[in-house]
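The primary structure of each chain is shown beneath.
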Amino acid sequence: MKIGIIGLGVAGISILREIEKQTQKDMRGDLHITVYAEKESFGTGFPYQPDDEALLINQYTETMSIDPDDSNDFLEWVRENKNLKQLYNTHLPRNLFGEYLLDKSRELIEKLNVTVICVKVLSVKRQENNQYEIKTKNSTETTDCIHLSVGHLAYQDPYNLKGEEKYIYNPYPANKKLSLQKGPIAVGIVGTGLTALDTFLYIRKYYPEAKLSFLSLDGRFSSVRGHEPKKGTHAVCQERVRQLVEENQQLTLDQIKEWVEKETADRDIDLTWIWKTLGEGTLTGLQRDLNHLEELGKFQMLIHQMRDFYSLLWNAMPDNEKDRFLNDFGLKWSNFKAPIPQRTAALLLKSISDGEVELLSGIKSIKKENGDFKVQINGQKTRAYDFIINATGQQMDLTKQLYLQQPLIKELIESGVLTPYRYGGVLIDYPSMTAISQKGERVNGLYVYGQLSSGIQYGNNNVELISKSAQYSVQDMLKI
Ligand SMILES: Cc1cc2nc3c(=O)[nH]c(=O)nc-3n(C[C@H](O)[C@H](O)[C@H](O)COP(=O)(O)OP(=O)(O)OC[C@H]3O[C@@H](n4cnc5c(N)ncnc54)[C@H](O)[C@@H]3O)c2cc1C
């Protein structure tokens, strides 16, 4: 069997890991694996490519293993290779995690005798005999199946500034892209998510004279990471949920809420108080989170433990219930799920109260005029900036701004092989991760991961869930 893996980040490495785990040595002679990867992020993926140490993993070290069967894998790697001891509840630099991933990639490539082509894939076509033709700028190959582990979708461009000088559309790697000029320049960071905070940390470190503003719609950041207790007991009636889903029963949001309320009560978490008081993301909200790290951590621990069956719950709800969840709880749930490291939150608050950085909300427009960026904010005078940095996150809706996506994704959508899904990314059969075409058919042998599958594999923007997604897809592939 000829296997093509496009992209070697967390998902690509996990596919290799599962092929190694799920096959006997004597069977591997029949598997011809080719990995296609971009040179800059080969074996690390986009977030963990070589970059500055100021950019941190947003989760605790002990939750970042690439191996679902060994949750201590990263922790042990750091202990052995970096001689660091105090590792629990720390946020290490992302490039360190990249080194770990690269080590794992090299091990697996050697074991599985993989061919590596370090060039971007430009096109994938499904042929009549159900094989796939993969093209790069200088090669064409045919495979029996494809793992589309290309990771992050293109960044949004909400003010249509892409291509303008001094507009930094994609700020990574920061040590190359955030090359500004020294002196008291005015820099606007559009957004308040984790990318905006990376940018803040980097610019503060290398351009201390720059005058920084966060330009946002609502002036809210995420929640702060609390002190998660080491162990929780059980997570929301997993068995009961699985049973209901196996019986093809649909779930209502009220049913799920009832389970969550019961679970939080069992864990002595005051859900009503937490939901009303914490995770608000405003400056007072961040300070309040910092003052209640124990309560916050207990709740975040529960959210973390529920990850394994987010998709089960999500896909068992009809669309109207999914919409209700997103409207009533979605944003805050995401904020609790992807919190800011405590030190970053404290530094942010201090920098804002010292007047080093400002937070502006209510942006109406950003335009380039006479060499400056003019930012119009509700009810205020227009402000001018020398640089604008885009930290608005990826365009998950593939019915919008498709021209921003890379040619490969654009082609697969336009040819009907992939189907944009209303909750982001594309339609897949879960958990096999098999693509579903615009004709509503399974595209056998085409597996989709990461952000592209996040509309169905809800909440998968983390190492843990992305690395697990390869377990079922590889099982499915080996049956071909
Ligand atoms: C800035 C940032 C920080 C993050 N921090 C964390 C964190 O701290 N903890 C956490 O759990 N999650 C974090 N995440 C979430 C992240 O999505 C996952 O951790 C994980 O890296 C995603 O893995 P992936 O394999 O899907 O994608 P990626 O890691 O992006 O890997 C995809 C790879 O495919 C390559 N590729 C793309 N197109 C092609 C092509 N046409 N041909 C060949 N190769 C191609 C890319 O260059 C890339 O190397 C972060 C995400 C971002 C954007």
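Relevant structure appears above.
Within each chain, residues carry numbers counting from 1 in the order of the written sequence. It should be noted that, the model being predicted, local features are given only for residues of pLDDT at least 70 and side-chain atom pairs only at 80 or more, the latter also being counted only at that level, while totals for whole chains, interfaces and linings use all residues. As a rule here, side-chain values come from all non-hydrogen atoms in the structure, and water together with hydrogens is ignored.

Participant: Please clarify how the overall build of the protein should be interpreted in this entry.
Facilitator: Numbering of helices and strands runs from the N terminus; a helix is a DSSP stretch of H or I covering at least four residues, while a strand is a stretch of E covering at least two. Summing up its helical and strand segments, the protein has 15 helices and 18 strands in all. When we talk radius of gyration, it's over C-alpha atoms, and the globule rule is simply 2.2 Å times the number of residues to the 0.38. Over its C-alpha atoms the protein spans a radius of gyration of 23 Å, differing by no more than 12% from the 23 Å that the globule rule assigns to 480 residues. Each principal axis of the C-alpha atoms in the protein carries an extent, and together these give about 65 × 55 × 50 Å. Buried, partly exposed and exposed residues are distinguished by accessible area as a fraction of the type maximum, computed with a 1.4 Å probe on protein chains only: under 20%, between the cut-offs, and over 50%, respectively. Within the span of the protein, comprising 480 residues, buried residues form 55% of the whole.

Participant: So what exactly am I meant to see when it comes to the environment of Val357 here?
Facilitator: Relative to the helices and strands, Val357 resides in strand 11 (residues 357-361). Between the C-alpha atom of Val357 and that of Val187, which follows or precedes it by 170 residues, the distance is 9.9 Å. Here, residues are in contact when the closest pair of their heavy atoms is within 4.5 Å. Every residue in contact with Val357, bar those within four places of it in the chain, is listed here: Phe200, Leu212, Phe214, Ser351 and Ile352.

Participant: Could you clarify how one ought to interpret the sheet that holds strand 13 (residues 372-377) in this entry?
Facilitator: Remark on secondary structure: sheet strands pair via backbone hydrogen bonds, oriented parallel or antiparallel. DSSP-based pairing: two strands are paired if at least 2 bridges between them are found. Strand order across the open sheet formed by three strands is 12-13-14, with antiparallel pairing between neighbours. Edge positions in the sheet fall to strand 12 (363-369) and strand 14 (383-385), since each of these pairs with one other strand and no more. Sheet twist, expressed as the mean angle between neighbouring strand axes with direction ignored, is 25°. Relative to strand 13, strand 12 is paired through six bridges, and the arrangement is antiparallel. The residue of strand 13 that forms the bridge with Ile363 is Ile377. Only the contacting stretch of a helix is used when fitting its axis, a line to C-alpha atoms as for every element, and angles between N-to-C directions run 0 to 180 degrees.

Participant: For this particular structure, what's the right way to read the nonpolar core?
Facilitator: The nonpolar side chains of a soluble globular protein tend to be buried with one another. Only buried Ala, Val, Leu, Ile, Met, Phe, Trp, Tyr and Cys residues count toward a nonpolar core, and they belong to the same one when joined by side-chain atoms within 4.5 Å. Judged by nonpolar contacts, the single largest core of 147 residues is most densely connected at Leu16 and Ile366. Residue contributions to this core peak at eight residues, all from helix 3 (residues 94-112). Setting aside chain neighbours within four positions, we find Ile366 in contact with Tyr159, Leu161, Val190, Leu215, Phe373, Lys374, Val375 and Ile388.

Participant: Any chance you could explain unusual backbone geometry here in plain terms?
Facilitator: Trans peptide bonds make up most of the peptide bonds, and negative phi angles are found at most residues other than glycine. Of the consecutive residues Tyr172 and Pro173, the connecting peptide bond is found in the cis state with omega at -5°. Phi is positive for Asn113, which is not a glycine, with a value near 55°. Checked against the element boundaries, Asn113 lands in the loop between helix 3 and strand 3 (115-117). Look at Asn113 and you get exposed, because its relative accessible area is 65%. Even without being glycine, Gln401 reaches a positive phi, approximately 45°. With respect to the helices, strands and loops of the structure, Gln401 is situated in the loop between strand 15 (387-390) and helix 14 (407-414).

Participant: Explain the pattern of salt bridges here, please?
Facilitator: Side-chain pairs of opposite charge can arise whenever the charged atoms involved come near each other. We define a salt bridge as a side-chain nitrogen of Lys or Arg found within 4 Å of a carboxyl oxygen belonging to Asp or Glu. In this structure the tally under the stated criterion is 30 salt bridges. Where Glu280 meets Arg288, a salt bridge forms, and the shortest distance between an N and an O atom there is 3.7 Å. Arg288 sits in the partly exposed class, given a relative accessible area of 26%. The shortest N-O distance in the salt bridge between Asp397 and Lys400 comes to 3.7 Å. Here Lys400 falls in the partly exposed class, since its relative accessible area comes to 48%. Taken together, the salt bridges that share partners define one network made up of Asp319, Lys322, Asp323 and Arg422.

Participant: Please explain empty space enclosed by the protein as it appears in this structure.
Facilitator: Gaps left between atoms show up when a probe the size of a water molecule is rolled over them. Within this scheme a cavity is a closed region of a 1 Å grid, computed over the protein atoms alone, that accommodates a 1.4 Å probe without allowing it to escape, whereas a pocket is open but has protein on both sides within 12 Å along at least five of seven lines; lining residues each have an atom within 4 Å of a point. Grid points are joined across faces, edges and corners, and a volume is the space filled by probe spheres set on the points. Considering all chains together, one arrives at two cavities of 30 Å³ or more under this definition. Space inside the largest cavity adds up to approximately 90 Å³. If you go around the largest cavity, you meet 13 residues; those closest to its centre are Arg225, Glu228, His304, Arg307 and Lys337. Taken together, the elements giving at least two residues each to the lining of the largest cavity come down to helix 10 (293-306) and helix 12 (319-337). Put simply, Ala, Val, Leu, Ile, Met, Phe, Trp, Tyr, Cys and Pro go in the nonpolar bin, Asp, Glu, Lys and Arg in the charged bin, and everything else, Gly too, in the polar bin. Split into classes, the residues belonging to the lining of the largest cavity amount to five nonpolar, four polar and four charged.

Participant: Please explain the site of the ligand as it appears in this structure.
Facilitator: Distances are taken per atom, and a residue is near a molecule or strand as soon as one of its heavy atoms is within 4 Å of it. Taken together, 33 residues lie around the ligand, and Glu38, Ser41, Tyr48, Asn58 and His152 are the ones closest in. With respect to the ligand, the side chain of Ser41 contributes an N or O atom lying 2.6 Å from an oxygen atom. N or O atoms closer than or at 3.5 Å make up a polar contact, with two conditions inside protein: a donor-capable atom paired with an acceptor-capable one, and, for residues adjacent in sequence, both atoms drawn from side chains. Note that a nitrogen atom of the ligand is positioned 2.9 Å from one of the side-chain N or O atoms of Gln406. With residues, only the protein chains shown are counted as cover, and all accessible areas are computed by Shrake-Rupley using a 1.4 Å probe. Alone, the ligand offers 990 Å² of accessible surface; in the complex the protein occludes 94% of this. Among the elements of the structure, helix 1 (10-22) and helix 15 (463-478) are those that each provide at least two residues to the shell around the ligand. A breakdown of the residues in the shell around the ligand according to their chemical character gives 17 nonpolar, 13 polar and three charged.

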